[in-house]
Amino acid sequence: MKQVKFYNGQLMPQLGLGVFRVENDNTAKDAVKHAIISGYRSIDAALVYGNEEMVGKGIAEGIAAAGIQREDLFITSKLWLDDFGYNQVVQGYEQSITNLGLDYLDLYLMHWPGTNSTLMVETWQGMEALYQTKKVRNIGVSNFNIEHLETLKAQTAIKPVINQVEFHPYLTQATLRDYLMQEDIRMESWSPLMNGEILQDEVVNTIAQQLGKSAAQIIIRWNIEHGVVTIPKSVTPTRIEENLDVFNFELSEEQMTALDKLNQDKRIGPNPVAFNG
Ligand SMILES: NC(=O)c1ccc[n+]([C@@H]2O[C@H](COP(=O)([O-])OP(=O)(O)OC[C@H]3O[C@@H](n4cnc5c(N)ncnc54)[C@H](OP(=O)(O)O)[C@@H]3O)[C@@H](O)[C@H]2O)c1
């Protein structure tokens, strides 16, 4: 599994499983377990997805079935906006690790910046305090734009290791990507498959045919070649395997450019500037 390196030296698998909009039942458990058995080593969870319990069961069963250790996995969860505030961060964190049945997370993210800049900064300071207790291995953010990150830079001490944002060929985030590279903050893409929409695109399907790969594999490979961490979601065993099978081919420069050119600055999720839960 390819990994990215954070500025603090720690590593994260470049490909993981997303679990948004997955029921808190055997669907979540089986998807996570199947992913781990298939070779996934990273799971992207969140308190607000309401399925941490069954994701946690999938992690436990996956570890046992694959014969690996907890330390071999990289588990992420996220602090929801309701739990923002310096003192609330620890509570949110403890809730997530309890739900997941874990004693630590590899990465804890602020799920959104929110619309109150003072609260955003105080919450990040709570994240810093959590990090200093060594209860969590890494802290990062999600859905932050350059302005949000500049505010943190000016007012707080510890830089986020990663920023998880919407990213797919219709929303290539070139300016944000350049900024993150310059700041040595990794970028992670959510809804890499645009929740299915991008898989219908003609250019994507032409490239898929040229290479004898699926449209999803082309998109995931495009993420990998951009150096972006990616977390496609699937509860379908064959797709979970297919989405991981992207390390035995490359996209040409022309194919990368053709995909980059599909950008329309089109979001399927909320605009982070205005979203407050
Ligand atoms: N930080 C944030 O604010 C935020 C926001 C949104 C998402 N996320 C994270 O990002 C993850 C991924 O995003 P997402 O769940 O919105 O959507 P996505 O990964 O872009 O797309 C998931 C959809 O694509 C289908 N799919 C998966 N693999 C496929 C394949 N090989 N061929 C055809 N269809 C395929 C899935 O169907 P089946 O499951 O039925 O197979 C599902 O309907 C989330 O699960 C979550 O962890 C984070």
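Residues numbered from 1 in each chain as written. Predicted model: local features only at pLDDT ≥ 70, side-chain atom pairs only at ≥ 80, totals over all residues. Heavy atoms only, no water.

- As recorded in an unreviewed UniProt entry, the chain goes by the name Aldo keto reductase, listed as coming from Staphylococcus arlettae.
- We quote the UniProt Sequence similarities (unreviewed entry) comment for the chain here in full: "Belongs to the aldo/keto reductase family." (UniProt positions renumbered as here; feature names shortened; annotations may be inferred.)

Here's the deal with the site of the ligand
Then, in step 1: Residues in contact with the ligand amount to 29 residues; listed here are only the nearest, Asp44, Ser191, Lys233, Ser234 and Thr236.
Then, in step 2: Between the ligand and the protein, one listed contact pairs an oxygen atom with a side-chain N or O atom of Asp44 at 2.6 Å.
Then, in step 3: Ser234 is positioned with one of its side-chain polar atoms (N or O) 2.7 Å from an oxygen atom of the ligand.
Then, in step 4: When the ligand sits alone it has 910 Å² of accessible area, and the protein chains cover 89% of it.
Then, in step 5: Because more than half of its atoms lie within 2 Å of the grid, the ligand is assigned to the largest pocket.
Then, in step 6: Among the elements that make up the shell around the ligand, the one with the highest residue count is helix H9 (residues 237-244) (three residues).
Then, in step 7: Looking at side-chain class alone, the shell around the ligand contains 13 nonpolar, 10 polar and six charged residues. (Near = heavy atom within 4 Å. Polar contact = N/O pair within 3.5 Å; in protein donor to acceptor, adjacent residues only side chain to side chain. Areas by Shrake-Rupley, 256 points an atom, 1.4 Å probe, with all protein chains shown as cover. 1 Å grid on protein atoms, 1.4 Å probe; cavity = no way out; pocket = protein on both sides within 12 Å on 5 of 7 lines; lining within 4 Å. Sits in = over half its atoms within 2 Å of the grid points. Helix = DSSP H or I, 4+ residues; strand = E, 2+ residues; numbered from the N terminus. Nonpolar A, V, L, I, M, F, W, Y, C, P; charged D, E, K, R; others polar.)

Looking at the UniProt feature "site: Lowers pKa of active site Tyr" (unreviewed entry) in the chain
Then, in step 1: Within this structure's numbering, the places UniProt gives as "site: Lowers pKa of active site Tyr" (unreviewed entry) are Lys78.
Then, in step 2: On the secondary structure map, Lys78 appears in strand S5 (residues 74-79).
Then, in step 3: According to the relative accessible area criterion, Lys78 is buried, its value standing at 0%.
Then, in step 4: Excluding residues within four positions of it along the chain, Lys78 makes contact with Asp44, Ala45, Ala46, Leu47, Tyr49, Tyr108, Leu109, His111 and Gln164.
Then, in step 5: Polar contacts involving the side chain of Lys78 include one to the main-chain carbonyl oxygen of Ala45, which spans 3.1 Å. (Buried < 20%, exposed > 50% of the residue type's maximum accessible area, 1.4 Å probe, protein only. Contact = heavy atoms within 4.5 Å.)

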